[in-house]
Amino acid sequence: MKKIALLLCCCAMFALAGADAPAPFRLWQGDAPGARGTSEFDIPTLTAYLPERAKGPVPAVLICPGGGYGGLAGHEGADYARFLNRHGIAGFVLRYRLGSKGYRHPVMLQDAARAMRTIRSRAQEFNVDPARIGVMGSSAGGHLAATLLTKYDAGKPASEDPVERVSSRPDFGILCYAVVTMGPGTHRGSRNNLLGANPSAELIDALSAEKNVTADTPPCFIWHTADDGGVPVSNSINFATALSNHKVPFALHVYGTGRHGLGLGDRYPYDNALPWTRELVLWLKERKILP
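Everything in this summary refers to the structure shown in the same document. By convention here, each chain's residues receive numbers from 1 onward along its written sequence. At least 70 in pLDDT is required for a residue's local features to be given in this predicted model, at least 80 for side-chain atom pairs to be given and counted, and no such filter applies to totals for whole chains, interfaces and linings, which use all residues. By convention in this description, side-chain values take in all heavy atoms of the structure and omit both hydrogens and water.

Some details on empty space enclosed by the protein
Here the idea is plain: a probe the size of a water molecule rolls over the atoms and shows the empty space left. Site definitions follow a grid-based scheme: protein atoms alone, a 1 Å grid, a 1.4 Å probe that fits but cannot get out for cavities, and for pockets an open set with protein on both sides within 12 Å along at least five of seven lines, plus lining residues having an atom within 4 Å of a point. Grid points are joined across faces, edges and corners, and a volume is the space filled by probe spheres set on the points. For the coordinates displayed, the defined rule picks out one cavity of 30 Å³ or more. Estimates place the volume of the largest cavity at around 40 Å³. Lining the largest cavity are Tyr69, His105, Met108, Leu109, His143, Leu144, Thr147, Leu194 and Leu207. Elements are defined by DSSP. Helices are runs of H or I of four residues or more, strands are runs of E of two residues or more, and each kind is numbered from the N terminus. When residues of the lining of the largest cavity are traced back to their parent elements, those giving at least two are helix H3 (107–121) and helix H5 (140–150).

Dropping the structure here:
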């Protein structure tokens, strides 16, 4: 009987996992601009994780997993989306194109901007509030999120593509142990994958998000660990300083210790997730993003 019970339990877990794994959809119907081929690595996609029993339009977050612009970390994608769902927030996980597959800037930003436009243009379909759509990223995904936060645009009103007419500006940002700079203190592997081995000084400055903050940069929640051995904590501190200098609202949490790539630090149902998750929920409520 114990074996039967265990088998039934496992079957139920697999059924739940299958039900909780939505199918990704393409950001462009045909080939993406600048596509180098037709493999899955050449096709940027979104996967929509929507909260159950939502009564009205909910906040949403575009999620950019980390991976040094060479891969995509699953625990910084789907796990974040499922955690957000528990708090009534829709999560959209982006599969963007990578330097390890021959892509360079601005392709990654192009994918992130298209994803933000897609979510906003289809807000009614997804039951999402188009004025409460943020971007979240970890490590190199945090760099992509920070780049979108500082290099968004209002859309192209004359475009034949209705998605391209929509703004790519996030309403808020969530940066988790993010790569921010491409200069001193950067993560060298991320920079090489994004910009190539010998980027110009102008390109390095253009992709150093702390140098591109303005008074119109969206408010941000930022966290890092002081002894992060992969991405120096100075990345988050310098970005927060730039936000402060431009009077952009932000919260910065620096924890004393913790390895790079922590993510939630827990598995579903995330009842023991790391403290930053509780601070994030409080911040979202303070900002009126969550009720």
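Some words on a nonpolar patch on the surface
On the surface, Ile237, Phe250, Leu252 and Val254 cluster together into a nonpolar patch covering about 280 Å² of accessible area. Among the elements that make up the nonpolar patch, the one with the highest residue count is strand S8 (residues 250–255) (three residues). Structurally, Ile237 can be placed in helix H8 (residues 234–245). Exposure is judged per residue with a 1.4 Å probe applied to protein chains only, and the accessible area is read against the type maximum: over 50% gives exposed, under 20% gives buried, and values in between give partly exposed. When its relative accessible area of 35% is taken as the criterion, Ile237 is described as partly exposed. Excluding any residue in a salt bridge, patches collect residues exceeding 30% relative accessible area, merging like charges within 9 Å and nonpolar Val, Leu, Ile, Met, Phe, Trp and Tyr side chains within 5 Å. To be clear on the numbers: accessible area is Shrake-Rupley with a 1.4 Å probe, and residue cover counts the displayed protein chains and nothing else. When a carboxyl oxygen of Asp or Glu is within 4 Å of a side-chain nitrogen of Lys or Arg, the pair counts as a salt bridge.

Comments concerning the nonpolar core
What makes a nonpolar core is a set of buried Ala, Val, Leu, Ile, Met, Phe, Trp, Tyr and Cys residues whose side-chain atoms join them at distances within 4.5 Å. Among the nonpolar cores identified, the biggest contains 55 residues, and Leu46, Leu62, Phe92, Leu94, Val128 and Phe239 are the most heavily contacted of them. At eight residues, the largest contribution of residues to this core is made by H3. By definition in these notes, contact holds between two residues if any of their heavy atoms fall within 4.5 Å. Non-local contacts of Leu94, meaning those with residues more than four positions away in its chain, are made with Leu27, Thr45, Leu46, Leu62, Ile63, Cys64, Pro65, Asp111, Ala112, Ala115 and Leu144. Listed in part, the 29 residues of the second largest apolar core include Ile89, Val93, Cys176 and Tyr177.

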